[in-house]
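Chain by chain, the residues run as shown.
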Amino acid sequence: MDELDLTFVAQAVEKIGAGEEKVLEILQAIQGHLGYLPTEALERVCELTDITPASITGVSTFYSQFRHRPAGRHTIKICIGTACHVKGGEQIYDAFQRDLSIPEGDDTDPQKIFTIEKVACLGCCMLAPVLQIDDITYGHLTTEAVPMVLRDFLEQQKAQAQQADRQDYAKSDKELGQIRICLDSSCVASGSAKVYQALKKAVEETRAQAVVKSVGCSGMSFLAPLVEVVPADGVSFRYAGVLPADARAIVLRHFKPKQITRKIRNTVSTMLDKILTDKAWEPVTRYSIDVRDRPVAGFLEKQVHIATEHCGSIDPLDLDEYIRNDGFKALQKTVSMLSPEQVIADIERSGLRGRGGAGFPTHLKWSTVYDIKSRKKYVICNGDEGDPGAFMDRMLIESYPYRIIEGAAIAAYAVGADEGYFYIRAEYPLAIKRISQAINTCQQRGFLGNNIMAGTFSFQIKIVAGAGAFVCGEETALIASIEGRRGMPRLRPPYPAESGLWGRPTLINNVETYAVVPWIIRNGPQAFARLGTTSSKGTKVFALAGKIARGGLVEVPMGISIRQIIEDIGGGITEGLKLKAVQVGGPSGGCVPVELAHIPVDYETLNDIGAMMGSGGMVALDESDCMVDIARYFLDFTQNQSCGKCTFCRIGTRRMLDILERLCAGEGKKTDIQELEHLAQKIANTSLCGLGRTAPNPVLSTIKYFRDEYQAHLEGRCPAGRCKALITYSVTDDCIGCTLCSQHCPSDAIEMRPYEKHEIDPDKCIRCGTCKSVCQTDAIKVE
Amino acid sequence: MPRLTIDNRQVEVDNGATILDAAAKLGIEIPTMCFLKGCKLSTSCMICVVKVNGSDRLVPACGTIAQDGQTIESDSEEIRQVRKAALELLLSDHAGDCIGPCQAACPARMNIPLMIRQIAAGKFRDAIATVKKDIALPAVLGRICPKPCERVCRRALFDKPVSICLLKKYVADLDLQSANPYLPACKPGQDKRVAIVGAGPAGLAAAYYLLKDGYGCTIFDEHESPGGMLRYGVSQDKLPTDVLEAEIALIEKLGMEFQGQMRIGTTLSMEDLRRDFDTVFVAVGQLKPGDAESMGLETAPNGIAINGRTYETNLPGVFAGGGAVRKRRLAVRAVADGKEAAVAIGQYLSGQPVTGPANAFNTRIGKLKDGEIETFAAGASKTRRLTPSPEGSGFTDDQARDEAARCLHCDCRKAQSCKLRQYARHYGARPSRYKGERRSFVQHLQHPDVIYEPGKCINCGLCIQIASQARESLGLTFIGRGFDVRVAVPFDHSIAEGLKHAAKQCVEACPTGALAFKNKT
């Protein structure tokens, strides 16, 4: 092997710093530069910094972001979050492995171009199954689309090399019309960046009286790329599933260019109508829903926008626009008119509870930190949204960075802190980029820094990027991570409010909690408390995904029923199947069966039925989803993500997984269900942190509501036809001999017999479902 | 100063004291493994869990600060079940044997690996003491034992099993030939006497261990001389009479009385024996028709009916063992019966509950995975199995040492001090409760004094802390996350480089056999 050039290490350390707490950042820099972490580089870091060999080894092997062997030039991150799991994420992984000829047990193709890895969740659940190649996200994948994705990526690489990215954020102008498009990561994954460029080009070329504007997400990800046209007269139109080729037509339809005759415009309009019903290109599925159609109205009308106020209309990074829309009014009011006690009293009256999962009353945390005398206190914003199937925090940060900064600043004022940390998971590069830019802007404009708004209050914010560890969402683990240690939770008490970051009183709240604070201060606590139920006030943001017609980010008043969210907002289940259950709260939550879908969304009600609010992931499951498989999926996740400290969590979750795997393979033992319950109870009662304590929930809730499915697996049946070992694929008499299945079968299990009924060799069949998806006569039977 | 109640007893402790401290003040022992005074809390093993104020959740006593007015339960059935489950989970991920397969297979449970190491170290006196702790007639068995131990010897997977039986014979012969053959220290004389019927291997062994415990023993036998089948059923070629007599002589030296030509049913009656002695041990060998009935004993298909653990018969105070209770008659089994029955008889005579000998807790690796035998063999001599010539002769001193060096040391170096084992026994943990794929057996041997076996680690992290406190330049660290987390030296360095000065301390702090001193005999 060539001698490694380690000069970069010294440069990185020089730039980042040599303190122990810098370890994550240094490692990220090295990996960014070299693609992995060679031992020589780590040893060099130890020579140059206060970081010890033991610490750097412990940290670099704890977080899944880091790799210790060379990688290919590009990394393909295949999401296996809940929504992607139920839509076949693992099969996409297998397809890449086959397509790239990656040897068993390896993760990189022989030419060292691509490295594939599974990631817990990319937070683009409504595009499931989804993957990321370097910075580019691809959604709605099928195993069939894999070669196309690779080709597209390599072409984009070429194109990008030729064209430098232009970064100008359009300023709004009352004289002009606006063409708004969301450029958050999941919309970009649906192609909105290309549409954005095409729209700009079309406006320039036609000299239309309009500006093209990047805006925060409307939440209607199922329509992405969604273009909203707001002419100067104010009546807006929305176009869903827009392609770059449509850009010119859209511009022409709404903005009359002087040179073009009326006749042409009419032609263009007819053409547009045709395009909007076209479903051509895979993998990005297009939709043909107009905002004036009833379904979209349904998506919006049950929602109440507080954390997502002005959704879809303001530019995430345009501070002036934020200010014009009441931005920083709450902070202004706080620092000039309210005492810390008054702020805390307002929060108390609003009834706000932590939006990160457990629902701890927010004012109690704030007043505990406030009450402790200390010259130094910290405020932390927890943006380590690790739950597979959740993307609220990502979209909030990407779309409303100023709001979250404002909320955190108000909190800092209330508890007496002058320094804050935003801890954001590394899988969200755009969120990190936007919040950094927003912080810089705030500093330049005096909303952060010393003597904010000419008062006595000072507040600085730093950003720490996580490195891939779900457990770091637990507050004590998150603190350990910021301090540059392995993200291991510790026994509480003492709580972080008493002894947190570097032993100082520390307030930790979730992104969404901070996001609603400015609204509460501006509109008064009563306005917030009027929404919701007796014990759960205000609104909750949910990430809606799974087998649902309209996935996306929704903000609803507490107390709304799960059924209303799924059916009225989400448009119900796709593909003509029936809703079976709703997974609420990710790996800490549970599955709410359809019979209980009428229950209101409220912390206590969800706990009572064995689920949990969690951070707000909501994944709809239909009859084709196996509940034992879902339980196995979550246990696989938690036992992977366990920090490995407590005996029950470390080994107990693995033993539960052993049993679930046995069940899914049809090798269950009679006592298995009982054994699962027995282990679950002990894990829940003894674990130190929330991860372990709630890890058994997905298993317990599925046993509780779907015991018959467990029983069926004991008898060697998977009623949903999902567990590979328990199902067989066969061809029915409906086969017309078109040979499509044979052409597409990745394992050569179907011999090509034109005009004859085909047959599937069960020994060669890998149960990937490709034949079923390509068959045009529905002649593939799974049982 | 918080006042609290633990198991219904009040205690007052200093501010900041933990529940563990408070319990200690009351003399209540809460089990701990990952806790060590002077180290930062690990709160990971969860063996010290207690219940506070009736909450469903259990908390670790080692890290929970005692609060005024708390009510703590430290030993309820629920808590015992949780502790047991914690131990069973740890054991499900444990790659190591407490006792070697040879010892586990030996009917007499003789500590074979220890004997072998004592031979290798030239400590012959210690070796014979080890042997005689479990086998009263080693020179005899060294000649006639069918060697179940060698059938399971792990070395056989590498080349050939260690010559365990010949090594035992070597030690026993050496002892008999010495000026001063080994005699165990006997407890002071007890005022209780045992009648043993039958002077075969079971009767002689029972006499040996009862005498050692200070009980008077009289052996009755129908033959003129003691030895039973050993004297009358084995050929002189295999077992010369002088060897048998030399070992019996040692038992007589301990105080055994022998009365020959006494046959129960004719010259003796069970009533007489039960009247004249405090207990009777029936070891008459294979029963002839009517034998059991003449003694008033019930029979089972294989012989006299006994309680398999305590050797008790249907008659109070009458025990039976050896060939009289078994179909297959094996001298080593009979010797084991004699030893075990002696334990039960001792319990009976001293008024304790009669439970028989306690079972040593053992967790086993079981079948080895590919490559693991090489790991085991790495620390042992590569010499081939030695066969003394001419056949039937024993080892020379050098041969014995060479052969002993072939032992793989399968048994745990910390079998006596391992907390995991102690608590597993105490809480009745079953190692196979949560069978899953076991981790690999790995040994790190590079350190001159210390061996590291990650498969036995419970991830308490004490060694990591101690190394860090000792300012080791490399030290130790956790590697990985979740189920696969392991303790290792950074950057793949050896344990010798990782622990340059803290090794001894780490071994002492390690609650299991993961870190141990290499050469402990």
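Residues numbered from 1 in each chain as written. Chains lettered and ligands numbered in written order. Predicted model: local features only at pLDDT ≥ 70, side-chain atom pairs only at ≥ 80, totals over all residues. Heavy atoms only, no water.

## So, the confidence of the model for chain A
In the predicted model, chain A carries a mean pLDDT of 87, and 92% of its residues have values of at least 70. Contacts for the low-pLDDT stretch residues 164-173 of chain A, under 50 throughout, to residues beyond four places or in other chains number 20 contacts. (pLDDT = per-residue confidence, 0-100. Contact = heavy atoms within 4.5 Å.)

## Notes on unusual backbone geometry
Arg492 of chain A connects to Pro493 of chain A through a cis peptide bond whose omega is -5°. Among the secondary structure elements, Pro493 of chain A is positioned in the loop between helix H20 (475-482) and strand E12 (506-510). Here the amide bond leading from Pro493 of chain A into Pro494 of chain A is cis, since omega sits at 0°, within 30 degrees of zero. By the element assignment, Pro494 of chain A lies in the loop between H20 and E12. Even without being a glycine, Asn8 of chain B presents a positive backbone phi close to 65°. Of note, Asn8 of chain B is situated in the loop between strand E1 (3-6) and strand E2 (9-12). One non-glycine residue with positive phi stands out, namely Arg471 of chain B, at about 55°. Tracing the backbone through its elements, the reader meets Arg471 of chain B in the loop between helix H18 (462-469) and strand E14 (477-479). (Helix = DSSP H or I, 4+ residues; strand = E, 2+ residues; numbered from the N terminus.)

## Regarding the packing of aromatic side chains
Here a ring pair, both rings aromatic, is described through the centre-centre distance and the interplanar angle of the planes. Counting across every chain of the model gives 19 aromatic pairs over all chains. Taken together, a centroid distance of 5.4 Å and an interplanar angle of 90° make the contact between Tyr413 of chain A and Phe457 of chain A edge-to-face. Taken as a pair, Tyr413 of chain A in helix H18 (residues 401-415) and Phe457 of chain A in the loop between helix H19 (429-444) and strand E11 (460-465) lie far apart in primary sequence, 44 residues in all. Classification of Tyr413 of chain A as buried rests on a relative accessible area of 16%. Using a relative accessible area of 8% as the deciding quantity, one classes Phe457 of chain A as buried. Seen in terms of ring centroids, Phe220 of chain B and Phe277 of chain B are 5.8 Å apart; in terms of plane orientation they differ by 85°. Their pairing is edge-to-face. Here the residue Phe220 of chain B occupies a position in strand E7 (residues 216-220), and Phe277 of chain B occupies one in the loop between helix H12 (270-276) and strand E9 (279-282), the gap between them amounting to 57 residues. Taking the relative accessible area as the measure of exposure, Phe220 of chain B reaches 4% and is therefore buried. Pairwise contacts between aromatic rings join Tyr322, Phe328, Tyr402 and Phe447 of chain A into one cluster. If you follow Arg425 of chain A out to its NZ or CZ, it ends over the ring of Tyr428 of chain A, 4.9 Å from the centre. Directly above the ring of Phe542 of chain A sits Lys540 of chain A, whose terminal nitrogen or CZ lies 5.6 Å from the centroid. (Phe/Tyr/Trp six-rings, centres within 6.5 Å; stacked < 30°, edge-to-face > 60°. Buried < 20%, exposed > 50% of the residue type's maximum accessible area, 1.4 Å probe, protein only. Lys NZ or Arg CZ within 6 Å of the ring centre and 35° of its normal.)

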